[in-house]
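Coordinate analysis (summary)
Next come the chains, spelled out residue by residue.
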Amino acid sequence: MKSTSILIGVLSAILLAGPAGISIARADRVYIGFKPGQKNAARGLVQQSGGKVHHEFDRLNAMATTLPNAALAGIRNNPNVEFIEDDPPRYLYGCSMPTEGVPYGLDDVQATDPSFDTQNGTGIKIGIIDTGLFTGHSDFAGVPMTGYPGGTYPTAWNTDRNGHGTHVTGTIAAALNGSGVVGVSPGVAIHMVKVFGDDGGWIYSSSLLNAAQQCQSAGCRIISMSLGGGTRSRTEETGFQNLYNAGILLVAAAGNAGNSTLSFPAGYGSVISVAAVDSASSVASFSQYNSDVELSGPGVGVLSTVPYCDENTVTAASTSVSGRHVEFSGRGTATAALVDGGLADAINSNWQGRIVLVERGSISFYDKVMNVQRSGGLACIIYNTVANEELYATLGSGNSSTIPAMGLTQAQGLLLKGLVGTTTTVNSAVNFETSGWDVYSGTSMATPHVSAVAALIWSAAPTKSNANIRSALNATALDLGAAGRDASYGYGLVQAKAALDYLAPPGGDLQAPVISNVSSAIVNSKKGTFKITWNTDEPSTTVVILNGNRYPNTSMVTSHSMTFQGSKGVRYTYSVESADAAQNVATAGPLTHQN
């Protein structure tokens, strides 16, 4: 079967000057940051201008909007508005041409260690933001799955005609059922938020941020994002920091451009940026490299679940062989006499109404296929010139053909060459909503390996915090490339067993402190000060998460107290957190305080 390549689009736009050096691209789609308490005023400004509100982020004092260009200056200067910034695009970091393989990644990240036979992700829910997933796949039987949005195809979370989301999900959670493949953490629960369509086209940053908050509302402890874009967003960065402060582990793809640029959200400090390595633990040529790369995962030739079967066969006389669809070529069935087209380096009128067998070499795959098509050929079969190698061919991004084209091995091609002149049938078709398996490559494929390893560790050490899990993964990664952290591999290839031993050594303390008597009280009503207090059964740290912001005190105490300067009449949402000497974490909340 052949993987479907997902193109990373390039969006060109005129840049308009913004406040404080901020560039506004696609000025009609922007974030508006408003002053606390001025949400209604900001919404009114949008409505008065004839704009539209897409998403509201109350905890960030921001909303994503579409505004007429002419309204930007006036709204930017309104005293209730803090800032206006671009709502930048986010893309899937998808699949380059694959190579044959098996899920070698499980061994490479130590997920097959007996320690994880029972602690296999159970109790952990991973949020995936992607193209949806095909829940009817045989490898997902018994895997707890929820998602957003509901409804029917094409928008429903449990549908996927692209394949990217189903592939990513399989790497994480494919069931251990004796067939197909198995995921790194087959005991996890999955919450899919579908934001990309079948074409894998880009989305706005605000759609991503809204999806991440959907994952938080669903109780996800990890959010896995095989996507990104090249533009930083202040609103998005604050939103992801708030999610991290709330105890969620965030993992995203470093990007597939093969250069040193940053990708976002991977480029934010709250998010683990994941590079891709191959089965030899060498960094992939497409993997972006920079100072923000934190960990590496298997991302080249990764075998996983897909929602389709790609059928490509050639039948001549009593001989039938299976091949690979040439990317971007046509689909369909053609029956005619088989002719030998040599290298197909020129148009040949003798190919009219024929199936043309072509040898690799001399000119590009695109030129070969187009020479056959322009000659009136009904299908093009290209065979390899290298022994014992599958032929993965592409017409190239932006190119296409109306006739089907197929790649074969050298042995298959030579076999067919002996059948020239016989009636031959070429069939190339994709059947969706069926259980299939395919190999993809990309930092998209590396990302779920890291997310799933984190789930393994958290399942075995559920009292640890997201920061503890992240530190353990970094401290125990298999160092690759230059000694220590480097731009290509980060800290190195993620290692599940080593991280578990680091975080929860045999016989270690895994009992979290017990939190009790959580309360809040007004200290001075005129000044708006209030106090949050609680107790623990053992000396522990003091942390309050107030309106998404984290306020820590590392002193080890059993009576906890923290005072805040607020505003009279405002309702605050807070949670409390305490960690003991072994870094076992207990939380309570969310709760509310009326000042």
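Up top you'll find the structure we're talking about.
Residues numbered from 1 in each chain as written. Predicted model: local features only at pLDDT ≥ 70, side-chain atom pairs only at ≥ 80, totals over all residues. Heavy atoms only, no water.

In terms of regular secondary structure, the chain is built from eleven helices and 29 strands. For 595 residues, the compact-globule estimate of 2.2 N^0.38 gives 25 Å, and the chain sits close to it at 27 Å. Counting only C-alpha atoms and orienting by the principal axes, one finds that the chain spans roughly 95 × 65 × 45 Å. In the chain, buried positions account for 53% of the 595 residues. Counting only contacts in the chain whose residues sit at least 6 apart along the sequence, the fraction spanning at least 24 positions is 74%. Within the chain, the 41 negative side-chain charges are centred at a point lying 12 Å from the centre of the 33 positive side-chain charges. (Helix = DSSP H or I, 4+ residues; strand = E, 2+ residues; numbered from the N terminus. Rg over C-alpha atoms; globule rule 2.2 N^0.38 Å. Buried < 20%, exposed > 50% of the residue type's maximum accessible area, 1.4 Å probe, protein only. Contact = heavy atoms within 4.5 Å. Lys, Arg positive; Asp, Glu negative; His and termini not counted. Charge placed at Lys NZ, Arg CZ, Asp CG, Glu CD.)

Our next topic: the pattern of salt bridges. Summed over all chains, the structure comprises 13 salt bridges. The salt bridge involving Arg 331 is made with Asp 310; its shortest N-O contact spans 2.7 Å. Note that Arg 331 is positioned in the loop between strand E19 (324-325) and strand E20 (332-340) and Asp 310 in strand E17 (residues 302-316), a separation of 21 residues in sequence. On the basis of relative accessible area, Arg 331 is assigned to the partly exposed category, the value being 35%. (Salt bridge = Lys/Arg side-chain N within 4 Å of Asp/Glu carboxyl O.)

Next up on the list: the packing of aromatic side chains. Using the criterion set out here, one finds eight aromatic pairs in the structure. Between Trp 202 and Tyr 204, the aromatic rings sit 5.1 Å apart at their centres with planes inclined by 85°, giving edge-to-face as the arrangement. Since its relative accessible area comes to 33%, Trp 202 is described here as partly exposed. An aromatic cluster of at least three residues, connected via ring pairs, comprises Phe 530, Tyr 551, Phe 564 and Tyr 572. Between Arg 29 and the ring centre of Tyr 204, over which it is positioned, the NZ or CZ distance is 3.9 Å. When the ring centre of Trp 458 is taken as origin, the NZ or CZ atom of Arg 221, which lies over that ring, is 4.2 Å away. (Phe/Tyr/Trp six-rings, centres within 6.5 Å; stacked < 30°, edge-to-face > 60°. Lys NZ or Arg CZ within 6 Å of the ring centre and 35° of its normal.)

A separate point is the environment of Thr 573. For Thr 573, the location among the structural elements is in strand E28 (residues 571-579). Judged by its relative accessible area of 31%, Thr 573 falls in the partly exposed class. Once the C-alpha coordinates of Thr 573 and Thr 541 are considered, the two residues, 32 residues apart in sequence, prove to be 20 Å apart.

This part covers the sheet that holds strand E4 (residues 52-57). The antiparallel open sheet is built from four strands, whose spatial order is E4-E5-E3-E6. Only two strands of the sheet have a single partner each, and these edge strands are E4 and strand E6 (81-86). The sheet shows a mean angle of 25° between the axes of neighbouring strands, taken without regard to direction. By the bridge criterion, five bridges tie strand E3 (residues 29-34) to strand E5 (residues 62-66) in an arrangement that is antiparallel. Across the sheet, residue Gly 33 finds its bridge partner in E5, namely Ala 62. Its contacts with the sheet place helix H5 (residues 205-217) against E3, E4 and E5, and it is angled at close to 40° to E4. (Pairing = 2+ DSSP bridges. Axes fitted to C-alpha atoms, helices over the stretch in contact; angles between N-to-C directions.)

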